[in-house]
Amino acid sequence: MKKSSSVKQLFSIFTLFIFIGILYTYPLAFNLSSMLPGSGQSDTPLSVWNIWHLKKAIFSDHNFFKFDTNYIFYPQKPSLILHNYTIVTGLMSLPFQYFFTPIVSRNLIFFIQFALTGLGMYLLVLYFTNNKIASLWAGITLAFCPYVIIRSYNYFHFSTIWFFPCFIYFLWRFLNSGGLKFSVLAAIIYALCLLNDQTYFVFLTILMIFTIVFFFLEKHKLPSIKNSIIGLSVFLILTLPYLIGLASKIIAKEASSHIWPDICIDYFSLHIHNLFRPSPILSLYREIPYINVPMKHVTNVFAGYIPLFFAAFALVNLKNISHEKRKIIIFWLITGALFFLLALGPYCFGKDQSLNKFSLYNLLCSGLLRQIRIPVRFSLVTLIAIYIIASFGVERFTKLNKQNLLNNKNLCLFLVLLQIAEFLPIPYPLLSLKTPEIYYKLASQNTNSPILVLPLGWQSSYKTVGIYDKKIQFHQTIHGHPIFQGQIARIEDSYFDYYTQQDGFRYLIDANKRLPTSSETKGVHNILRTYGIKNVVIHNSYFDSVHLNILLEIFKDYPGELTVEFAT
């Protein structure tokens, strides 16, 4: 079904997606060194720290497989196995980090991810439809859909969706031909997805099972066993150290599932109307009163009216589509519906369902499948299914152009611009990440010694202790010193208890709102001495004058060497 595409053509399409990404994220391209897609409450700063830490692990600690850290939560070494560490994104950033800062490198990878998603979808739809107009339209639609927008400025790793179209493309090619090349390429993408994000790996696994079952039912045979084994071997070679670490954490108490309160069912489950309700950040719909209201980022899965129209157009014209293509549409219709049911979560079993009483759903939330606790994320595959079905509608639409009202180039341009206009979020929501000068000064000092940064706080997926300023961990990418606070997803509460059980830390956690006891004052001096702290940096905007002066007096009375400075 797919005509071969030259490397030159693919590079041109890749470049086109880069330029669309620059337009789409305006004014990001003009603020690469100081801004990222994000908001004040997002994990955007953490995404920069992730790629910086990977570089440190490889080049400073000389250990690529270092899946723990003492750069944060110092002096402990919490595991990063269950953290959204984005290993593949970090590896992709290494050439850029050689020349640029981590924030610039992360922005450049962001543009590349748009292009990889678009190119993967282009190849997939070209394979399905053999129609370049439909393929280009589908690539743009998936790469720049609102799902990606929302995730890109809340959780960067969930905007990295290029694994899906690329994996589906190679998997279908392998199942159709049994070729070794496609088995290996599918295995590589599958492995990269696991190393980057466990949630999407779970989704890909379910999708792979659906696809294999579909091919078996259709052709009554399995693909080449030999090439399947080779593909599996490639996957294991690439992921075995990670899988061993992951298995140990899943077995350990550290990976035990937290069940969300019942009130979270509404927040984390898909609402059907959200497929049809535009996001308020889309320029085209922003001024509509019904749209221009705050909206939960998690449940925002607007599919787009144009894709929904073309999907409906394809289904209405199903009888006029060839038998082979009709089977593909039916497969994606069923797959999209099944993932839609998964996205409904407990709502699929009744609106008033209680998580704590619903033992079946809690069972699904165990081990690696804990990702299902936020079921709305399954809607990504439903969106992919809609866009693939819609691409057949676009193909059919181009064939209706019998009177040549628009030549193919103009028709392609019209459809592309129409879709860009619907999903355009200008100005793209950006977060400023400027670093105080004191951290540049500290970067020239011995980076093996920890610095005490206040306010003091920690965060995991389920818990926050103290005041956790997300930017403080980002600032570490500049100064390079170990710090005590930090954010790591899905770690044990014992890592927080380490600090709350020490008098000095217990006071510093609350130093902005209460006076210390005598034992806590001694405790502050004790942790300065015990951990060899020579520098304290205070973000004074968190402190009023009374509590700040008390804190400064405690540091002034410390008999050892200590420098206290402010980050303004």
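Along each chain, numbering runs from 1 in the same order as the chain's sequence is written. Residues qualify for local features only when their pLDDT is at least 70, as the model is predicted, and side-chain atom pairs are given and counted only at 80 or more; totals for whole chains, interfaces and linings, by contrast, use all residues. Note that water and hydrogens are dropped before the side-chain values are worked out from all heavy atoms of the structure.

**Q** How would you sum up the packing of helix α3 (residues 87-99) against helix α4 (residues 102-129)? Please name residues and give values.
**A** Between α3 and α4, the shortest axis-to-axis distance is 9 Å and the interhelical angle comes to 120 degrees. Considering the angle they form, α3 stands oblique to α4. Note on packing geometry: the crossing formed by α3 with α4 is right-handed. Counted together, Thr89, Met92, Ser93, Phe96 and Gln97 of α3 and Pro102, Ser105, Arg106, Leu108, Ile109, Ile112, Gln113 and Leu116 of α4 form the full contact between these two elements. Residues that form the contact of α3 with α4 fall into these classes: 7 nonpolar, 5 polar and 1 charged. Axes here mean lines fitted to C-alpha atoms, for a helix over just the part in contact, with angles spanning 0 to 180 degrees between N-to-C directions. Each helix is a run of DSSP H or I of at least 4 residues and each strand a run of E of at least 2, with the numbering of both proceeding from the N terminus. The scheme is simple: roughly parallel for angles under 35 degrees, roughly antiparallel for over 145, roughly perpendicular for 65 to 115, oblique for anything else. Handedness of a crossing follows from how the near helix is turned relative to the far one, being left-handed for an anticlockwise turn of less than a right angle and right-handed for a clockwise one. Whether two residues are in contact is decided by their heavy atoms, any of which lying within 4.5 Å being enough. Following the grouping adopted for this structure description, the nonpolar residues are Ala, Val, Leu, Ile, Met, Phe, Trp, Tyr, Cys and Pro, the charged ones are Asp, Glu, Lys and Arg, and the polar ones are all others, Gly among them.

**Q** Before we move on, can you summarise empty space enclosed by the protein with the specific residues and values?
**A** A pocket, in this scheme, is an open set of points on a 1 Å grid over the protein atoms alone with protein on both sides within 12 Å along at least 5 of 7 lines, while a cavity is a set where a 1.4 Å probe fits but cannot get out; residues line either one if an atom lies within 4 Å of a point. Grid points are joined across faces, edges and corners, and a volume is the space filled by probe spheres set on the points. Per the counting criterion, the structure on display carries 5 cavities of 30 Å³ or more. Approximately 80 Å³ is the volume attributed to the largest cavity. Forming the walls of the largest cavity are Asp43, Leu46, Ser47, Asn50, Asn84, Thr86, Thr89, Arg106, Tyr155, Phe156, His157 and Thr160. Considering every element that reaches the lining of the largest cavity, the biggest residue donor is helix α2 (residues 44-60), with 3 residues. Residues that form the lining of the largest cavity fall into these classes: 3 nonpolar, 7 polar and 2 charged.

**Q** So what's going on with the nonpolar core? Residues and values would help.
**A** Membership of the largest hydrophobic core comes to 176 residues, with the highest contact counts inside it found for Trp172, Trp332, Leu452, Leu454, Leu508 and Phe555. Top contributing element to this core by residue count: α4, with 15 residues. Take the buried Ala, Val, Leu, Ile, Met, Phe, Trp, Tyr and Cys residues and link them wherever side-chain atoms come within 4.5 Å; each set so joined is a nonpolar core. Note on classification: 1.4 Å probe, protein chains only; a residue is buried when its accessible area is under 20% of the maximum for its type, exposed when over 50%, partly exposed between these limits.

**Q** Outline the pairing of strand β8 (residues 563-566), supporting the account with residue identities and numerical values.
**A** A pair of strands is treated as paired once DSSP finds two or more bridges between them. Across 4 bridges, the pairing between strand β7 (residues 535-538) and β8 is parallel. Across the sheet, the residue bridging to Ile538 is Phe566, located in β8. Viewed along the sheet, the connection from β7 through helix α22 (residues 545-556) into β8 turns out right-handed. By convention, a crossover is right-handed whenever its connection, traced from the first strand over the helix to the second and viewed with the strands pointing away, goes clockwise.

That's the geometry; what it means functionally is another story.
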